[in-house]
Amino acid sequence: MDATIPGRRPGEKPSRRMRRGMYILPSLFTTGNIAAGYYAILQIMSASVREPWHLDFAAKAIGFAVLFDGLDGRIARMTGTSSDFGRELDSLADVITFGVAPAMLAWTWGFRLMPEVALTEWHIKLTQLGAIASFLFLIAGASRLARFNITANPQPSNPGRPGKKYFVGMPIPAGAGVIAAVVHFQGGDPIEFWYTALTWLAMVTTVGYLMVSTWRFYSFKDIDFRSRHPFRLIIFLAFLIAAVWQFSKPVLFAIALLYMFSGVFWRLQWIFRRRNEPPPPPYKEASQTS
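Okay, so let's go over this structure. (Residues numbered from 1 in each chain as written. Predicted model: local features only at pLDDT ≥ 70, side-chain atom pairs only at ≥ 80, totals over all residues. Heavy atoms only, no water.)

**A word on the environment of Q43**
At step 1: Positionally, Q43 belongs in helix α1 (residues 16-46).
At step 2: For Q43, a relative accessible area of 11% translates into the label buried.
At step 3: Between the alpha carbons of Q43 and W53 there is a distance of 8.9 Å; along the sequence they are 10 residues apart.
At step 4: Beyond its immediate sequence surroundings of up to four residues, Q43 is in contact with W53, H54, F57 and A58.
At step 5: Within the structure, Q43 has its side chain in polar contact with the side chain of H54 (distance 2.7 Å). (Helix = DSSP H or I, 4+ residues; strand = E, 2+ residues; numbered from the N terminus. Buried < 20%, exposed > 50% of the residue type's maximum accessible area, 1.4 Å probe, protein only. Contact = heavy atoms within 4.5 Å. Polar contact = N/O pair within 3.5 Å; in protein donor to acceptor, adjacent residues only side chain to side chain.)

Spelled out as structure tokens, the structure:
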């Protein structure tokens, strides 16, 4: 039995009001993305050595924003309500939530709240280097968004056909997710030792580089939720949700790092495969016949 809306004849197109409401739906998730980023920034500004838990709240807000960002685009594609306004709003939201907020979080958690070391001058230099690395993360994320908006069907530098199956460069939500997952794994407690801060400095810089690289990262866009899925996939998703709910710190930490290193793994695999391949045969010019 076909389900029809009361007052509408079969085959009649949706009303203009309903169509307009469908266009608003993806923007609501984008608005939630912005709200989560704004909340994260407020929590970062409220953090102190005595109250570091604000940083954990900021990391959780960025995590929820990653979820909202994934839903708004997928809902727009499923309902056929993609628009130029939605794409521009989504890009602006990503700059705030996945650019400014994680850059501030990376600097505050890794450098600003770090206890002063014996060498005060070295502590100041390390804080300044952290600010530079956080800024590089921000500008790399903004550049990644700009390239994504103007490039049609880009080609990854390592194996993978161009298309929706792969991202060219780590997407900015994933880069922000790495920052947030590390902070959440530590419960918001800031870094205490200068050598750990140096490791964090290298990691923030690496994430920024991966965003502007042309290495491929899996996009998950080829998964069609409207089709029938195998029973195993449903079990896996249920297990993943339960694991995140019960053990969010180690599970999200592992997921973020595995996704980051997946692009590095595919790149290295392509490099070694290309070196082991035999060189192409030399070109021989065809002989001229009289």
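Back to the write-up after that little detour.
**Brief notes about the nonpolar core**
At step 1: Core analysis: the largest hydrophobic core is formed by 51 residues, its most contacted members being L55, I62, L105, M170, W200 and M260.
At step 2: If you list the elements that add at least two residues to this core, you get α1, α2 (53-79), α3 (84-112), α4 (120-150), α5 (172-185), α6 (194-212) and α8 (248-276).
At step 3: With 9 residues, the single largest contributor to this core is α5. (Core = buried A, V, L, I, M, F, W, Y, C linked by side-chain atoms within 4.5 Å.)

**Notes on the packing of aromatic side chains**
At step 1: Applying the stated rule across the entire model yields 7 aromatic pairs.
At step 2: Taken together, a centroid distance of 5.8 Å and an interplanar angle of 80 degrees make the contact between W194 and Y195 edge-to-face.
At step 3: Residue Y195 is classed as partly exposed on the basis of its relative accessible area, which comes to 46%.
At step 4: Seen in terms of ring centroids, Y209 and W215 are 5.8 Å apart; in terms of plane orientation they differ by 85 degrees. Their pairing is edge-to-face.
At step 5: Positioned above the aromatic ring of W266 is the side chain of R216, whose terminal nitrogen or guanidinium carbon lies 4.6 Å from the ring centre. (Phe/Tyr/Trp six-rings, centres within 6.5 Å; stacked < 30°, edge-to-face > 60°. Lys NZ or Arg CZ within 6 Å of the ring centre and 35° of its normal.)

**Quick look at the packing of α3 against α6**
At step 1: Two numbers describe how α3 lies on α6: the axes approach to 10 Å, and their chain directions differ by 160 degrees. One element, α3, and the other, α6, form an angle in the roughly antiparallel class. Viewed along their axes, α3 and α6 form a crossing whose handedness is left-handed. Every residue of α6 that contacts α3 at A106, W109, G110 and F111 is listed here: A197, W200, L201 and V204.
At step 2: When its residues are assigned to classes, the contact of α3 with α6 shows 7 nonpolar, 1 polar and no charged. (Axes fitted to C-alpha atoms, helices over the stretch in contact; angles between N-to-C directions. Parallel < 35°, antiparallel > 145°, perpendicular 65-115°, else oblique. Left-handed = near helix turned anticlockwise from the far one by under 90°. Nonpolar A, V, L, I, M, F, W, Y, C, P; charged D, E, K, R; others polar.)

Read these as spatial facts, not as claims about activity.
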